[in-house]
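Summary of the model geometry
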Amino acid sequence: MRVPFVKMHGLGNDFIVLDARKDSLPAMTGAAARALADRRTGIGCDQLVLLEPSETEAFRMRIFNADGSEVEACGNAARAVALLHGERARIETGGGPITLEPAQGGARVEMGTPRFDWESIPLAFAMDTANMPVGWAELENPAAVNVGNPHVIFFVEDTELVDLAALGPLIERDALFPKGVNVNVASLVGPDHLRLKVWERGAGLTRACGTGACASAVAAMRRGMTGRTVTVTLPGGDLVIEWRADETMVMTGPACEAFRGSFEWDDYA
Ligand SMILES: N[C@@H](CCC[C@H](N)C(=O)O)C(=O)O
């Protein structure tokens, strides 16, 4: 069976998008997602995104990391899917419903409300998630937020001085995080302006992470470091994150289609 795909990205965080909303596809497996995501022997991506019908919302977005694990949320993919869909829609994700719409050459996404209690991150045991009494090498006293998926955020003087490629995988798989964690290193570089690098659970260092930008912005706001609207500069470019009075996080930023193609399902099943 030949399967059409769209290759897209949000600030260089790249996706294979498969659309099974009208015509169904064979069941996606972790092994098939991993094979398709391989940059040498597959199409290559940070995340594979599968669109399916939903019983409750306009459609459902499923997300598989490059290592084949299925996860709950992806902010950059949500903007890419908004571009593909072309109109405002409330959609189902594993992390809860989100509302997306094309805007300003990219998209705006209402990402839901952040959760801060330790069981919702989840953490292995109770602690204050605004200022956690833990550390790994020079990274200490992080904050944790669940924005549909789990994030830990370290505020540092200079993100460039942190060896995230070395520390990211250690923290991602630490027993403190029973479901793993996305590891964010952020610094305040101006009023309401953060610089951010992210080691993504299941994907490693990416050029941008939309949920990481939401989590880091909200963690900074919670510590009183910024106001309620923050520009987040990632290696791939800028996102604007607003945390509204009703607690909804709104992310605005670019999204692009790179190319389209098709592949033989049996080569990856
Ligand atoms: N790139 C994404 C996040 C993808 C999922 C993440 N790696 C996880 O395992 O939770 C984004 O833009 O938010």
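Reading the values: rules and limits
Residues numbered from 1 in each chain as written. Predicted model: local features only at pLDDT ≥ 70, side-chain atom pairs only at ≥ 80, totals over all residues. Helix = DSSP H or I, 4+ residues; strand = E, 2+ residues; numbered from the N terminus. Rg over C-alpha atoms; globule rule 2.2 N^0.38 Å. Buried ≥ 20, exposed ≤ 12 C-beta atoms within 10 Å, placed from the backbone. Contact = placed C-beta atoms within 7 Å. Arc of directions from axis to C-beta. Domains from an automatic or database assignment. Nonpolar A, V, L, I, M, F, W, Y, C, P; charged D, E, K, R; others polar.

This part covers the overall build of the chain. Each helix and strand in the chain was counted, giving four helices and 19 strands. Expected size for 269 residues packed as a compact globule is a radius of gyration near 18 Å; at 18 Å, the chain falls within 12% of this value. Seen along its three principal axes, the alpha-carbon backbone of the chain occupies a region of about 50 × 35 × 30 Å. Here the chain holds 269 residues, and 46% of them are scored as buried. Partitioning the contacts of the chain with sequence separation of at least 6, the portion at a separation of at least 24 is 63%.

Turning to helix H1 (residues 30-37), a few remarks are in order. Regarding H1, the residues found buried are Ala-33, Leu-36 and Ala-37. Buried residues in H1, looked at end-on, bunch into an arc of 95°, giving them a common side. Buried residues along H1 sit in contact with strand E2 (13-19), strand E3 (47-52) and strand E4 (60-65).

This part takes up the domain arrangement of the chain. By the assigned domains, the chain splits into domain 1 (2-112 + 255-267) and domain 2 (135-247). Relative placement of domain 1 and domain 2: their C-alpha centres are 22 Å apart. Across the contact, 23 residues belong to domain 1 and 17 residues belong to domain 2. Residue composition of the side of domain 1 that touches domain 2, by class: seven nonpolar, twelve polar and four charged.

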